[in-house]
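Notes for the structure review
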Amino acid sequence: MWLLSSGQVVSKSRVPAHGQIMRVRLRAAGDDAKGDAEGDVSPASPEGDCQDGRCGLIKRPGDLYEVLAFHLDRVLGLNRSLPAVARRFRSRLLPYSYTDGALRPIIWWAPDLQHLQDANNDQNSCALGWLQYQEMLQPHRPMPVDGDTPCSSIPRSEWSRLALFDFLLQVHDRLDRYCCGFQPDPSEPCVEEMLHEKCRNPAELVLVHILVRRSAPSRLVFIDNAGRPQHPEEKLNFRLLQGIGSFPAAAVARLRSGRLQSLLLQSLRLDRELWESQGGAEGLRPLLHTIDRRAQILLRHIQEHNLTVFEDSPC
């Protein structure tokens, strides 16, 4: 976390097909690693410079909610999101648009994320359709042996963690990029890109951003977690919960505790840049109230559908 918030930018590279994201290599103060002299602008490629875990992704100012999402992940004990901090950049290696004083999130670059070789589907570790996903969630269906089906190494408990997290943040891109679970506004990307029309045929629907690390192929990694802080309560996407029959006990207990907002404030206070930019506790409360409201709605959903909880296995 300290490297992300304070490390010196020593090289940069664009991320293919993601024009508004910059991958940078960082150097901690006093680190005299070879080849990282000031002014080195060699590509920070995942195959090379970033293999030692000293890189991050600088994202858009509008993605700042990803930092809050990281803290929510840790407060709930899910531990599936990559570390994220808010930061202002001043490095002369970066374009002016990155050094104009705007606060941006920087996300740790995990060097061993597993990507498909398909250039059109490289944001997944495995290709999984909606119908396959729903079949995998069936409670009385034996879990497939690794290799039998796409994503077969990922247990049901991981999908439960993902569904809980995405519902609280209203992240639609992973499980419902087509906006099938609510009526989208005409300005929504899923409408403009004519994805919403595919909801008529579930066989065409696919999941995206389903990623694991090579070092832990049975654990999902949550990326692109900015979600929708302003998504109206009357349009909450319950499709994100479809097929999920149980949730992690520790996370549910935290939601029931009545302390979610105070615990989030305690955690967010550690990110000074974010804390000050949002006006401290008073400025953050509306966002945290929204998450807390969604938590209460999720708890009601669990109760009304007689869903269960499961104990987390040590990991």
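What comes next concerns the included structure. (Residues numbered from 1 in each chain as written. Predicted model: local features only at pLDDT ≥ 70, side-chain atom pairs only at ≥ 80, totals over all residues. Heavy atoms only, no water.)

1. Considerations on the pairing of strand β7 (residues 216-221)
Quick reminder of the rule: The rule for pairing is simple: two strands pair if DSSP sees at least two bridges between them. Segments assigned H or I by DSSP are reported as helices when at least four residues long, segments assigned E as strands when at least two residues long, and all are numbered from the N terminus.
Note that strand β6 (residues 211-213) and β7 share three bridges and pair antiparallel. Counted as the bridge partner of V212 is L220 from β7. Joining the antiparallel neighbours β6 and β7 is a turn of two residues.

2. A few points about the pairing of strand β3 (residues 55-58)
Rules: To sort residues, take the accessible area from a 1.4 Å probe on protein chains only and compare it with the maximum for the residue type: under 20% means buried, over 50% means exposed, and anything in between is partly exposed.
Burial along β3 is two-sided: C55 and L57 facing one way and G56 and I58 facing the other are all buried. With three bridges connecting them, β3 and strand β5 (residues 104-108) associate as antiparallel partners. Paired with L57 across the strands is I107, a residue of β5.

3. As for unusual backbone geometry
Within the chain, C179 stands out as a residue other than glycine whose phi angle is a positive 60°. On the basis of relative accessible area, C179 is assigned to the buried category, the value being 2%. With a phi angle near 50°, N306 is a residue other than glycine that sits in the positive phi range.

4. What about the layout of surface pockets?
Selection rule: Residues are said to line a cavity or pocket when one of their atoms sits within 4 Å of a point; the points come from a 1 Å grid over protein atoms alone, cavities being sets where a 1.4 Å probe fits but cannot get out and pockets being open sets with protein on both sides within 12 Å along at least five of seven lines. Grid points are joined across faces, edges and corners, and a volume is the space filled by probe spheres set on the points. Classification convention: Asp, Glu, Lys, Arg as charged; Ala, Val, Leu, Ile, Met, Phe, Trp, Tyr, Cys, Pro as nonpolar; all other residues, Gly among them, as polar.
Its volume calculated, the second largest pocket comes out at about 270 Å³. Along the wall of the second largest pocket there are 14 residues; nearest its centre are S5, A86, D271, R272 and E273. Counting residues per element, the lining of the second largest pocket draws most heavily on strand β4 (residues 84-87), at four residues. For the lining of the second largest pocket, a count of residues per class yields six nonpolar, two polar and six charged.

5. Digging into the pattern of salt bridges
Where we set the bar: Each reported salt bridge corresponds to a side-chain nitrogen of Lys or Arg within 4 Å of a carboxyl oxygen of Asp or Glu.
Under the criterion given, the structure shown has 18 salt bridges. Between R80 and E158 there is a salt bridge, with the nearest N and O atoms lying 2.8 Å from each other. Taken together, the residues span a long stretch of sequence, with R80 in the loop between α2 (65-75) and β4 and E158 in helix α4 (residues 156-169) at a distance of 78 residues. One exposure class covers both R80 and E158, and it is buried. Between D166 and R174 there is a salt bridge; the shortest N-O distance is 2.6 Å. For the pair formed by D166 and R174, the shared burial category is buried. Shared partners join several salt bridges into a network, and the residues in it are R80, E158, R161 and D312.

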